[in-house]
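Residue-level structure breakdown
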Amino acid sequence: MAGTDSAPNARTASPILNRRHFLLTSGAAVAAIGPLAPLLPAPLSSPPPPAARPAAGTPAAAPPVRRAAPYGVTTLETTAQLPGGAGGGYRQLTSGPGRPLVVRGELAAPGAGRKERRTALACFVQFTDLHVVDVQSPLRTEFLRAGNAGSWRPQEALSVAGAVSLVEQVNALDEGPHTGLPPAFVMTTGDNVDNNSSIELEWFLTAMNGGRITPNTGDPRSYEGVQNSGLPLYWHPDDRLRDQDKKLGLPHLPGFLDAAVRPVTSPGLRIPWYSTVGNHDDLPGGCWAPGDPALTDVATGARKLYRVPDADLAALATAVSTGDDPKAGVLKKILADHAPRARTVTADPRRRPFTPHEYLAAHLAPRHTGPGPAGHGYTVANLDGDRMYYAFPVAEGVLGISLDTTYRSGHYEGSLDTGQLRWLERTLTAHSSRHYDADGRTVRNPAADDARILVFSHHNSPTMLRRPDAARSEERRHDGAELIALLSRFPNVVAWINGHSHLNRITPHAHRTAHRSFWEINTASHIDYPHHARVLELVDNHDGTLSLLTTLIESAAPHRTDPGDLSAVGLASLYRELSYNAPGVREGLAGTPADGNTELLVRCA
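Attention in this report is confined to the structure presented alongside it. Bear in mind the structure is a predicted one, so any value in this text is a computation, not a measurement.

Time to look at the packing of aromatic side chains. Scanning all chains against the criterion turns up 15 aromatic pairs. Ring centres of tryptophan 235 and phenylalanine 256 lie 5.1 Å apart, and the angle between their planes is 65 degrees; this geometry places the pair in the edge-to-face category. Of the two residues, tryptophan 235 sits in the loop between strand S7 (211-213) and helix H5 (256-260) while phenylalanine 256 sits in helix H5, which places them 21 residues apart along the sequence. Phenylalanine 256 carries the same exposure label as tryptophan 235, and that label is buried. Ring geometry for tyrosine 529 versus tyrosine 580: centroids 5.0 Å apart, planes at 75 degrees, classification edge-to-face.

What follows is the structure, given as structure tokens:
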């Protein structure tokens, strides 16, 4: 259904006119998805003129202290952009115009006047794929970069500063841009950490709850990793080595590595947060079976391998991409064969991979309660069988369901086990007064509370594939198509919200019966370009439809970097800029306008 609307300011019982509403209604164009291409908005304000860039490696003289900004601003108003023009090379980010609001009516037609009669039901924030990473871990496989430039990221050492800046941005969002409701919670949809490391988990939980983080392992006095290895395969910010990234324009930044391992203090979220597990949380490397003593020895040991022969590189790349080596046999052989050429580093027991049980226990630990809830969705009952799925109240009349889509035996793709699929069906049934069985017949349950339902997971539907689970070979696994089929049987399912692909993409799932449809919302990561999270606001239009309004946000760090600013704020800004300039970065991760700031209409149950 095509149609256009002015930018909405959804009403609660007391309509709220705010700064964002004024900015949107006074300048931004709004588009609708359909046969016509979405319209791009006029700039909300002119981008600031480019500042003169200091010569590479020239420290700024006493740079002024900068507040993280733009606090409380969403991508409706402005977004980071690379300056246009021909030519490659490293480019500093600037503040560009906001992204348009796109009204998507594939599942329900947008009714006239809905903004004047709608009421707000819920407002919350999604984080996904933070990948808080210990870049010095000996278990990392940065050497895969020799075959694929995107296999290692020059911005990775700044993941803690970037995560803290995103927390600061959410703390400054006092209200949703369309409803005026304050965000009630943050949901993380997995890959909270990068390498299933105990110290990464501690950093992640501290970033979310508040406290001091020293993003350094091994030698407490210095960095020991690929970025001072002397190998031109990696970006060496601190010295003048003509590495392959500097040849492409990445800057010489003396003091970068010392700054990257300095303590950072997170204010912690001011609102509750919930946790969904991803494959990098569950599995070493995001793809190998947990609990392997040999991998633990490597992770906590004193030898780090930076380079391997091409034949071994190709063998490992194949093993990772196919997922046919869940016990990491190829990796362990490579590490053993080339141990003599590995660099000696400082051993650190804090790098030990954690088990699913330890992941749950860490969330439940009182020292990690932060703004709550205790366990962040998990309860003591989840420890029985290490079950990482649960249901929770999003708002009055709105239910959230968090799923565990990981293969415990080792694989980067996702699926559901039969026990969890049956639990999900029971949970949906208990909160749906009417649904359909597998043959399309209506089933009524008058005792149900008939909640609007939002489903959360790490993997999205294209990355949930059916394959045997080596840890439970007798149990059938269930893929994305089966999950879509189940959710489509319940007309009160509004959306399935997920991550994993590091991509903004919004997909309608329409069943052959018009009353059975929902939206799948896939959000980009916060380690790769474009560094997005998402605000979601659910409203009742009181015309037989609901709208789910989605708004992308960036961290609180300034768009334009100051090369001489290596403070926490400066590093968070550089974290974003490096991701936009990273060699091998995948194009299109920001998605189309129809995958970003949207109004997604769906019929009420």
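Still to come is the rest of the account.
Direction vectors running N to C along helix H4 (residues 198-209) and helix H10 (residues 356-364) enclose 30 degrees, while the axes themselves pass 11 Å from each other. Relative to H10, the element H4 lies roughly parallel. Crossing of H4 over H10 shows right-handed handedness. Here Leu201, Phe204 and Leu205 of H4 come into contact with H10, specifically with Glu358, Tyr359, Ala362 and His363. Each residue belonging to the contact of H4 with H10 can be placed in one class, and the counts come to 5 nonpolar, 1 polar and 1 charged.

Further remarks concern helix H8 (residues 310-322). Residues separated by three or four positions in an α-helix point in the same direction, a consequence of the helix having 3.6 residues per turn. With 13 residues, H8 extends 18 Å from end C-alpha to end C-alpha; this agrees with the ideal 18 Å at 1.5 Å per step. The set of residues buried in H8 consists of Leu313, Leu316 and Ala319. Buried residues in H8, looked at end-on, bunch into an arc of 130 degrees, giving them a common side. The outward face of H8, more than 90 degrees from its buried face, is lined by the exposed residues Asp310 and Ala311. On its buried side, H8 packs onto helix H9 (329-337). Among the residues trailing H8, glycine 323 stands out with phi positive, at a value near 75 degrees.

Strands sit in the order S12-S13-S17-S19-S21-S20 across an open sheet of 6 strands; the sheet is mixed. The open sheet has two edge strands with one neighbour each: strand S12 (390-395) and strand S20 (505-510). Pairs of neighbouring strands in the sheet enclose a mean axial angle of 20 degrees, with direction left out of account. Across 5 bridges, the pairing between strand S13 (residues 398-402) and strand S17 (residues 452-456) is parallel. Bridge assignment links serine 402 to a residue of S17, and that residue is phenylalanine 456. Most of the contacts of helix H11 (residues 418-430) go to S13, to which it runs at about 180 degrees, and overall it touches S12, S13, S17 and strand S19 (493-498).

Here is what the cut-offs are and how they apply
- Residues numbered from 1 in each chain as written.
- Predicted model: local features only at pLDDT ≥ 70, side-chain atom pairs only at ≥ 80, totals over all residues.
- Heavy atoms only, no water.
- Phe/Tyr/Trp six-rings, centres within 6.5 Å; stacked < 30°, edge-to-face > 60°.
- Helix = DSSP H or I, 4+ residues; strand = E, 2+ residues; numbered from the N terminus.
- Buried < 20%, exposed > 50% of the residue type's maximum accessible area, 1.4 Å probe, protein only.
- Axes fitted to C-alpha atoms, helices over the stretch in contact; angles between N-to-C directions.
- Parallel < 35°, antiparallel > 145°, perpendicular 65-115°, else oblique.
- Left-handed = near helix turned anticlockwise from the far one by under 90°.
- Contact = heavy atoms within 4.5 Å.
- Nonpolar A, V, L, I, M, F, W, Y, C, P; charged D, E, K, R; others polar.
- Expected span 1.5 Å × (residues − 1).
- Arc of directions from axis to C-beta.
- Pairing = 2+ DSSP bridges.

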